[in-house]
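What the coordinates show
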Amino acid sequence: MSGLGGLGKSSREKLAKLNRAFKDTPFSVLEALAVLGLSSTETSRLLSTLANQGWANRLKRGHYFLIPIEASDPNPIVDDPWFAAANLFSPCYISGWSAAEHWGFTEQIFRSVFVVTAKKIKKRTQSIGGVEFVIRTVKSELIFGTKIIWKGKVKALVADPSKLIIDLLDSPESGGGIGHVIQIFKSYLKSEYKDIEKLLQHATKQSSGAIFKRMGLLLEKLAPTEAAAIQRCKKALSSGYSMLDPKLKSDKIITRWKLWIPSFVEG
């Protein structure tokens, strides 16, 4: 006699184990293997069967998401995309506009999740489990300055407020462009999370001359009383000229900061 949803007793028992371990959480074949105690081949075959019979959704090669029994949609949206990202793109953390929303530095709503990873990813934008992920690949030593977010036994990492600002200054497009980055930086400077010393430490560890150029100019505009920090930015300037936002046409030069800036930004 066939079992529930076409599954036999043995498969149902294995599905129950997976549900206890990975309910509402994406998982890899290797993680399933550890839970089930099966061989790699047996585990892959089981997951393939579960996906074919509608008990699991294959997010990408080697990664699955169990379908809730009560789900009416055979391809449900992943409820917690941060934890999905932690599984899919590890080692990684959430930054950019997603972290800005988390720390309350912006009221703008972004539909995609911004992920910084040390994993080599070919497609910079990926839609997985009904969620769009925008991915930036960096060297492994740049995975630092994070806070842990827990959901049960599962964790995800998010850039701490100061690391977020450094990431935005390093890559303004991760914050939706320099105009929005300026607003986020302004919110940070007015918030309880403001920590100029940590900001400078993170900038030094990030080791990008353009960061100090952009930070120095913006501190002049947004927090001119931070004279010591502005001076430290000047001392850390690298040779050559950078762009305030590499994605924008820039037709003005601020020589003291070695920056090309767009016309809408006052020097």
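This section reports on the structure supplied with the text. (Residues numbered from 1 in each chain as written. Predicted model: local features only at pLDDT ≥ 70, side-chain atom pairs only at ≥ 80, totals over all residues. Heavy atoms only, no water.)

Turning our eyes to something else, we now look at the sheet that holds strand 12 (residues 259-261). Taking strand neighbours across the sheet as the criterion, the 3 strands line up as 10-12-11 in an open arrangement whose pairing is mixed. The open sheet has two edge strands with one neighbour each: strand 10 (242-243) and strand 11 (252-254). In this sheet, strand 12 lies alongside strand 10 in parallel orientation, the contact comprising 2 bridges. Following the sheet pairing, Met 243 is matched in strand 12 by Trp 260. Along the sheet face, helix 9 (residues 209-222) touches strand 10 and strand 12 and points at about 60° away from the line of strand 12. (Pairing = 2+ DSSP bridges. Helix = DSSP H or I, 4+ residues; strand = E, 2+ residues; numbered from the N terminus. Contact = heavy atoms within 4.5 Å. Axes fitted to C-alpha atoms, helices over the stretch in contact; angles between N-to-C directions.)

Moving on, we get to the packing of aromatic side chains. Overall, the coordinates contain 9 aromatic pairs when judged by the stated rule. Taking the centre distance of 4.5 Å and the plane angle of 15° together, the rings of Phe 22 and Phe 27 count as stacked. Each member of the pair, Phe 22 together with Phe 27, is buried. Ring centres of Phe 105 and Tyr 193 lie 6.0 Å apart, and the angle between their planes is 75°; on these two criteria the pair is classed as edge-to-face. You can see Phe 105 sitting in the loop between helix 5 (96-102) and strand 5 (113-117) and its partner Tyr 193 sitting in the loop between helix 7 (178-190) and helix 8 (196-206), a full 88 residues away along the chain. Its relative accessible area of 31% is what places Tyr 193 among the partly exposed residues. Members of the aromatic cluster, connected to one another through ring pairs, are Trp 103, Phe 105, Phe 185, Tyr 188 and Tyr 193. Positioned above the aromatic ring of Phe 144, the side-chain terminus of Lys 163 is 4.6 Å from the ring centre. When the ring centre of Phe 144 is taken as origin, the NZ or CZ atom of Lys 205, which lies over that ring, is 4.6 Å away. (Phe/Tyr/Trp six-rings, centres within 6.5 Å; stacked < 30°, edge-to-face > 60°. Buried < 20%, exposed > 50% of the residue type's maximum accessible area, 1.4 Å probe, protein only. Lys NZ or Arg CZ within 6 Å of the ring centre and 35° of its normal.)

Among the 10 residues that make up helix 6 (residues 161-170), 10 are buried, leaving the element largely enclosed by the rest of the structure. Capping the start of helix 6 is the job of one residue whose side-chain oxygen sits 3.0 Å from the backbone nitrogen of Ser 162: Asp 160. (Polar contact = N/O pair within 3.5 Å; in protein donor to acceptor, adjacent residues only side chain to side chain.)

Below, the discussion takes up the nonpolar core. The biggest cluster of nonpolar side chains holds 64 residues, and the ones touching the most others in it are Phe 89, Phe 133, Phe 185, Met 215 and Leu 219. Ranked by the residues each element gives to this core, the list is headed by helix 7, at 7 residues. For Phe 133, the residues in contact, after removing those within four places along its chain, are Pro 81, Ala 84, Ala 85, Leu 88, Phe 89, Val 113, Val 115, Arg 124, Thr 125, Gln 126 and Ile 128. Leu 46, Trp 55, Tyr 64 and Leu 66 belong to the second-largest nonpolar core, a separate cluster that totals 14 residues. (Core = buried A, V, L, I, M, F, W, Y, C linked by side-chain atoms within 4.5 Å.)

Take the pattern of salt bridges next. For the coordinates displayed, the defined rule picks out 6 salt bridges. Note that Lys 163 and Asp 167 form a salt bridge whose closest N and O atoms lie 2.8 Å from each other. Taken together, the residues Lys 163 and Asp 167, both in helix 6 and 4 residues apart, mark about one turn of the helix. The exposure class assigned to Lys 163 is buried, which follows from its relative accessible area of 0%. (Salt bridge = Lys/Arg side-chain N within 4 Å of Asp/Glu carboxyl O.)

Our focus in this paragraph is the sheet that holds strand 3 (residues 63-66). Pairing is antiparallel across the open sheet formed by 3 strands, whose spatial order is 1-3-2. With one partner strand each, in any of the chains shown, strand 1 (27-28) and strand 2 (56-60) form the two edges of the open sheet. Bridge count for strand 1 against strand 3 is 2 bridges, and the pairing is antiparallel. In the strand pairing of strand 3, Phe 27 is matched with Tyr 64.

Okay, a nonpolar patch on the surface next. Taken together, the side chains of Tyr 241, Met 243, Ile 253 and Trp 260 define a hydrophobic patch exposed on the protein surface, amounting to about 360 Å² of accessible area. Topologically, Met 243 is positioned in strand 10. (Patch = residues over 30% accessible without salt bridge, like charges linked within 9 Å, V, L, I, M, F, W, Y side chains within 5 Å. Areas by Shrake-Rupley, 256 points an atom, 1.4 Å probe, with all protein chains shown as cover.)

Turning our attention to the pairing of strand 3. What you see with strand 3 is no split at all: His 63 and Phe 65 on one side and Tyr 64 and Leu 66 on the other are buried throughout. Bridge analysis of strand 2 against strand 3 gives 4 bridges, and the strand direction is antiparallel. Residue Lys 60 lies in a different strand from strand 3, and its bridge partner there is His 63. What sits between the antiparallel neighbours strand 2 and strand 3 is a turn of 2 residues, in which Gly 62 has the positive phi angle 80°.

Moving on, we get to the packing of helix 1 (residues 9-22) against helix 2 (residues 29-36). It is at 10 Å that the axes of helix 1 and helix 2 come closest, and there the two elements cross at 115°. When the axes of helix 1 and helix 2 are compared, the crossing they make is right-handed. Contacts between helix 1 and helix 2 involve Lys 14, Lys 17, Leu 18, Ala 21 and Phe 22 on the former and, on the latter, Glu 31, Ala 32, Val 35 and Leu 36. Of the residues contributing to the contact of helix 1 with helix 2, the split by class is 6 nonpolar, no polar and 3 charged. (Left-handed = near helix turned anticlockwise from the far one by under 90°. Nonpolar A, V, L, I, M, F, W, Y, C, P; charged D, E, K, R; others polar.)

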